[in-house]
Amino acid sequence: MTRYLISFDDGAMTFPEEELPAVAEASHAVVREARDAGVWVFGGGLESQQASVVATDGTVTDGPYPETKAVLGGFSVIDVPSREDALKWAAKIAAACRCAQEVREIMPDAAD
């Protein structure tokens, strides 16, 4: 099995605020479905706040970098047999969250 990161940009969810409870329930239903299917690893929404960037020398600065246009708003990590399966789960998440999702394969850990 291969792990995939499914994510969306902060600000991508542009539905009216009064629809948030329905969107939250729909997204939680997809998470329950993924758990029941045994593919859910972990995930969640991220607070809309300025990130901190820690350099290799330990220096901490405010981030993300000014040239960054997209900031991660939320993510899911799933463990599935194929990219096609990951895309199917991403489609379910996109429908529930009402926004496009980006899918990326996570490189395998050499220790596994």
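Refer to the structure above for everything that follows.
### Digging into the environment of Arg104
Then, in step 1: Its place among the elements puts Arg104 in strand S6 (residues 102–105).
Then, in step 2: Counting along the chain gives 17 residues from Arg104 to Leu87, while the straight-line C-alpha distance between them is 9.7 Å.
Then, in step 3: A distance of 2.4 Å separates the side chain of Arg104 from the side chain of Glu102, its partner in a polar contact.

### Digging into helix H1 (residues 20–37)
Then, in step 1: Counted at 1.5 Å a residue, the expected span for H1 with its 18 residues is 26 Å, and the 26 Å between its end C-alpha atoms agrees.
Then, in step 2: Looking only at H1, the buried set comprises Val23, Ser27, Val30, Val31 and Ala34. Summarising the axial view, the buried residues of H1 lie within an arc of 100°, below the 170-degree limit, and thus occupy one face. Summarising the geometry of H1, the exposed residues directed more than 90 degrees from the buried face are Pro21, Arg35 and Asp36.
Then, in step 3: On its buried face, H1 is in contact with strand S2 (40–45) and helix H2 (83–97).
Then, in step 4: Following H1 by one or two positions, Gly38 has its phi on the positive side, about 80°.

### Here we look at H2
Then, in step 1: Helix length check: H2, at 15 residues, gives a terminal C-alpha distance of 20 Å against a target of 21 Å (1.5 Å per residue), a fit within 8%.
Then, in step 2: Residues Ala86, Trp89, Ala90, Ile93, Ala96 and Cys97 constitute the buried set of H2. Within H2, the buried residues cover an arc of 120° as seen down the axis, which keeps them to one side. Exposed side chains of H2 directed beyond 90 degrees from the buried face belong to Glu84, Lys88 and Ala95.
Then, in step 3: Looking at the packing, one finds that the buried side of H2 touches strand S1 (2–9), H1, strand S5 (72–80) and S6.
Then, in step 4: Arg98 occupies a position one or two residues after H2 and carries a positive phi of about 60°.

Criteria and cut-off values
Residues numbered from 1 in each chain as written. Predicted model: local features only at pLDDT ≥ 70, side-chain atom pairs only at ≥ 80, totals over all residues. Heavy atoms only, no water. Helix = DSSP H or I, 4+ residues; strand = E, 2+ residues; numbered from the N terminus. Polar contact = N/O pair within 3.5 Å; in protein donor to acceptor, adjacent residues only side chain to side chain. Expected span 1.5 Å × (residues − 1). Buried < 20%, exposed > 50% of the residue type's maximum accessible area, 1.4 Å probe, protein only. Arc of directions from axis to C-beta. Contact = heavy atoms within 4.5 Å.

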